[in-house]
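Remarks on the overall topology
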Amino acid sequence: MKCNDNVMEGDHHWNYQQQALASILFDKNIDPIVRRLIILDDLRRQTQQQRNDNYVAAAPRISSSSELGLELERRNQVKHLLHTLRIALYDIIETVTVKYDEINNNSSQNDEVGNDDAKNYWQSRVQNQINGIAVPLFSLLRQHQPRQLHNSNNDDGRLHYILQSAAYSCMEEAAFVVIVVWKCRQNIVNISGKCKDGESNDNDINSLVLPGLVSCTMALSSLDIANNGDSIGDQNTINSDETALDRGEECAVALLRCIQAFLTSSSPSNTFLDLASLSYDQLQHLASPMATEIGDAMGGALVARLVQTCLALLPKESETKEASNNNNTNKNNPTLQLEALKTLQLLMTSIPIDTLWKAILPGCFAGLYRCALSKLRYSSSASTHKVASEAILALSLLLVQSMKNTNTIGRSNESNNHSVTETLFAAIQKSKLAVETQDLTGAVSDQSSVQSSKQDLAFDNEVNARLPGPLSILLSLVSTNRSHLVRQRGLFLCRIILVDTRSTWTESTSITLGKKAIEYCLTVLTDENDKLSNHSMQVLSEYKSQLGAIEWKRRLSQNTVPTILELVEMLPILAKSGRDVEVRNYLRIIDGYLLISFRGEKNLGANQTKHRSLGKGKSDIGAALSCVEGAKVVKEAFSVIFAPDTESMTCRPVIEAFSAHGNEVGIIGDHSRLRFLYLQDETINAARQTARLFARTFGTKRCAFIIDACIADMFESCSRRRQLCHTPGGISAQLTWSGSCVYCTELLEGLMKMDEYGDKDRATKNAKRTAHVLSSLAASVFPIIVSDPLWTLPTTLDGY
C-alpha cells in the first residue's frame, strides 16, 4: 500500500487542540503497535542471551534450522507491524492537519482559548509519546547483523541469508517510520529549534536527532553493501546463492533518506535548491540550527563516521573498470550512489564547522575524487554523468567548508550566536581570573594561539602540496565531457578555486591551478548553452573583481599572449596526431583568451549570448599578437591545420549572383564544403571561428598587413623554387600555401563581420574605413596573385 506523501509536505505546526487530538490517537492506534514491537524485541534479546550463555558454557555451535525459522517468523511480524505503524502515523497526520477544520467546528469556542497549563501538558505529553515510539525503532536499527560462518552447511547458509534479507527489510521499514515520526515532532516544534511558545527545546537533539543519526550510522555500517570486499577471504566466500539475495541496497537508500530528513529539518526547501548556483554567503545560510550540537557529538566522531559510511557506498576506480565484466559488483547502484552523495552534500552545508572538515578533508577528498574519476574515465552507463556531477559538487563543497577564511565568516543562526556569546563571556571570566593570578593564564593563551597558527600553516602546506595535482586532472576530464550538468559542476569547482578559497593557495599554486581553472571557464565561455556561458562569464567577473582592474590587466599582458602562442603552436601537433577532441578544446581555450581581452565584452546580456564570439570592442592584446614573431606563429599553425584534402577536391564551376539592387556580386561556391587533411567537421567550424576571432583581435589595419605578408611569402617561396628547379617536398609546400590561402580567407571573413552587430552609425563609419583598407590591400595583392609564379601554378599534383 502506498501512503499519501502529500500530507508530509509543508510546515503545519499543531496548536494545543491538535496536539490533544494527536495524543488521543497515539494512545488508541499507535500504543498497541509499539508495545508489540517492544515485546518482540525483548524476545530477540532473550534468545540472543541464551545463545551467548551456551557459547560460554560449551563449544560454539551453528544455529539449527528451527531456530532460524523462528527468528525469520519474528522478523516478518516486525516488518508487518512497522508497515502498519507507518500507515497509522500517516493517518494521524492527515486527520490532525488536513481535517482540522472539521474537528474545530465541532469544538466549543471556550476550548479555542485554552490556558498555558493545558498547552504545556499536551505538548509535553505528545513529545513523550513520540520519544516512546522512537525507542523500539532505534533499537531495531542498532541490531548488529552477524555474518555467516564459512564452515556452515549449505541449508543453514541459505537460511541465514534469507534471515539477513528479512532483517534488511525490517531496517528499511524502520527508517521510513523514523522519517514520519520526525515529521510529527516537527509539527510540534518550529524549524528554528524552539517550541511554539518560544521556549528552548534542546530535548529534540538528545532524544531524537542524535540517537537517530547514531542508529542510522550503525545500521549502514552493518550492511553488506558497505562492507563487501573488505577482506580477500570474505570476497572468495561469496557464491551464487548469496548474490541472488538482498545485499542491502534498498535498505541503505532508506537509511540515507532518514539521515537527510534530520539534516534538512531546519529548512525543508533547501532540498530543492541548486547548490552550485549559490554564493558563499548563501551556502552559509543553509546551516542547521543543530549544527553545533551534531558537530560536537562524540567529539566530532559522529560526523566522521557518517562521512566514512557514505564514502563506503561510492564506487572506486578499480570497481568501475570491472563493472562491465562482473555483474556481482556491489557498488553499481546509481540510486544508492546519488543518495550517498546527497547526504554528504547536506552534511557539508548543514554543519559548516571548518575545524571539523579540516580533519575529515584527506579521506573525504580521496573518496570523492576516486568516485568522480572512475565515472568520468571508465563508466559509460546512462547515470554516469549525474553521479559524476554530484561527486564534483560534493568535492567543491568540501573545499569551501574546510578551506574558508574564518576571519570573514559570520554566524547565521541563533544557536551559533548563543555559543559565540557564551565563548566571549567565558573569555571575559578567564581574563579577570588571569589578572587576579598575575597573568599566569595569559602565557597559556598565547601558547595556544601560536600552536593554532602553526596547525593552520601546516594544513595550508599540505593542501598546496597534495590537492593541485588531482584537481588539475579532474578539470582536464570535465573540460572534454559533453554533459551540461558535469560542465556546470566544473564551473562551480572553478569558482571555489578562483574566488572562495583563493587566499589558501600559495602564489605558485595559484598560478598553476588558477590557470587550469581559468582555461576551463574559457572553454565554456563560447558554449552553445546560454546558461553555461553566462555562468562562466559570472565566474570570471567575480575573479576579476577580486583581483582588481590593475592586477587583471597586468596578468593579461604578462600571461595571456605567451599562453595563446603556446596553445597555437600545439594545434598542428594535435591535428596531425588525430586528437580531434583536444584540438577543439585548445581552440575553445584560445577563443576564451581572445574574448576576455576585448574591452567591450564585459557586460553581455542574455540576448547577446549568440554573438559573444563576434568580439566587439578593441582588444588589449592585438598589438602584441600581431607583431612579427606572434603573427608568424599563428600563420604557420593555421597553414598546417587548414591544409586541404586533395583527394576530395574536384573542379566545380564558379557562379556569380547579383543582389536585388544589382550593385553587389556574390560568388556561389562550395567554400564551406572544403575538406581538410587533419580536421573533422566539428573541428573545421571551430578552427574557422578562431581564425575569424584572430582577425577581430588584430584589427583592420594589422590584419591587412598580415594578409599582405602571407601572399608575399608565398610569392617568394614559389619564385625561389622555380629558379632552383628543384622540387623536393613540392606537395607539402603546395598544401602549406593552400592552408595559408584559407587562413587569409578566414581573416577577411572576420573583418567583414566585425561591426555587424554593433551600433548602426558606428558600424557604417567603421565599414567605410574597412572598405578603404581592403581596397588598398587588393591593390597590393592582386598584381602578385596574377603574376607568373602564382598564376601559372599547376592545378593538379601531377603537374608540379
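Residues numbered from 1 in each chain as written. Predicted model: local features only at pLDDT ≥ 70, side-chain atom pairs only at ≥ 80, totals over all residues. Heavy atoms only, no water.

Along its length, the chain carries 32 helices and two strands. For the chain, the residues scored as buried account for 47% of the 800 residues in total. By sequence separation, contacts in the chain at least 24 residues apart represent 80% of the contacts at least 6 residues apart. For the chain, the computed accessible surface area is about 40,400 Å², with 52% contributed by carbon and sulfur atoms. (Helix = DSSP H or I, 4+ residues; strand = E, 2+ residues; numbered from the N terminus. Buried < 20%, exposed > 50% of the residue type's maximum accessible area, 1.4 Å probe, protein only. Contact = heavy atoms within 4.5 Å. Areas by Shrake-Rupley, 256 points an atom, 1.4 Å probe, with all protein chains shown as cover.)

Looking now at the nonpolar core. Counting residues in hydrophobic clusters, the biggest one holds 194 residues, and the most contacted among them are Leu-344, Leu-368, Leu-471 and Phe-694. Look past the residues within four positions of Leu-471 in its chain and what remains in contact with it is Phe-365, Leu-395, Leu-399, Leu-493, Ile-497, Trp-505 and Leu-513. (Core = buried A, V, L, I, M, F, W, Y, C linked by side-chain atoms within 4.5 Å.)

This part is about unusual backbone geometry. Where the residue is not glycine, phi is negative for most of them; where a peptide bond is considered, it is trans in most cases. The backbone of Met-298 shows a phi angle near 55°, a positive value even though the residue is not glycine. Tracing the backbone through its elements, the reader meets Met-298 in the loop between helix H12 (291-296) and helix H13 (301-312).

Per-chain confidence: the chain averages 75 in pLDDT, with 66% of residues scoring 70 or above. Note on residues 229-244: pLDDT under 50 across the span, and 14 contacts to partners over four residues away in sequence or across chains. Segment residues 601-615: pLDDT under 50, and 29 contacts once partners within four positions in sequence are set aside and those in other chains are kept. (pLDDT = per-residue confidence, 0-100.)

Structurally, Arg-44 is set in helix H1 (residues 16-57). When near neighbours in sequence (up to four residues on either side) are disregarded, Arg-44 contacts Glu-71, Arg-74, Ser-139 and Gln-143.

Further remarks concern the state of the cysteines. Per the stated rule, a full pass over the model turns up zero disulfides. Note on Cys-170: no disulfide assigned, nearest cysteine sulfur contributed by Cys-251 at a separation of 9.5 Å. According to the relative accessible area criterion, Cys-170 is buried, its value standing at 2%. (Disulfide = S-S within 2.5 Å.)

Right, let's get into the environment of Tyr-678. With respect to the helices and strands, Tyr-678 occurs in the loop between strand E2 (665-668) and helix H28 (681-698). Overall, Tyr-678 belongs to the partly exposed group, its relative accessible area being 25%. As a C-alpha pair, Tyr-678 and Gly-578 span 100 residues in sequence and 7.0 Å in three-dimensional space.

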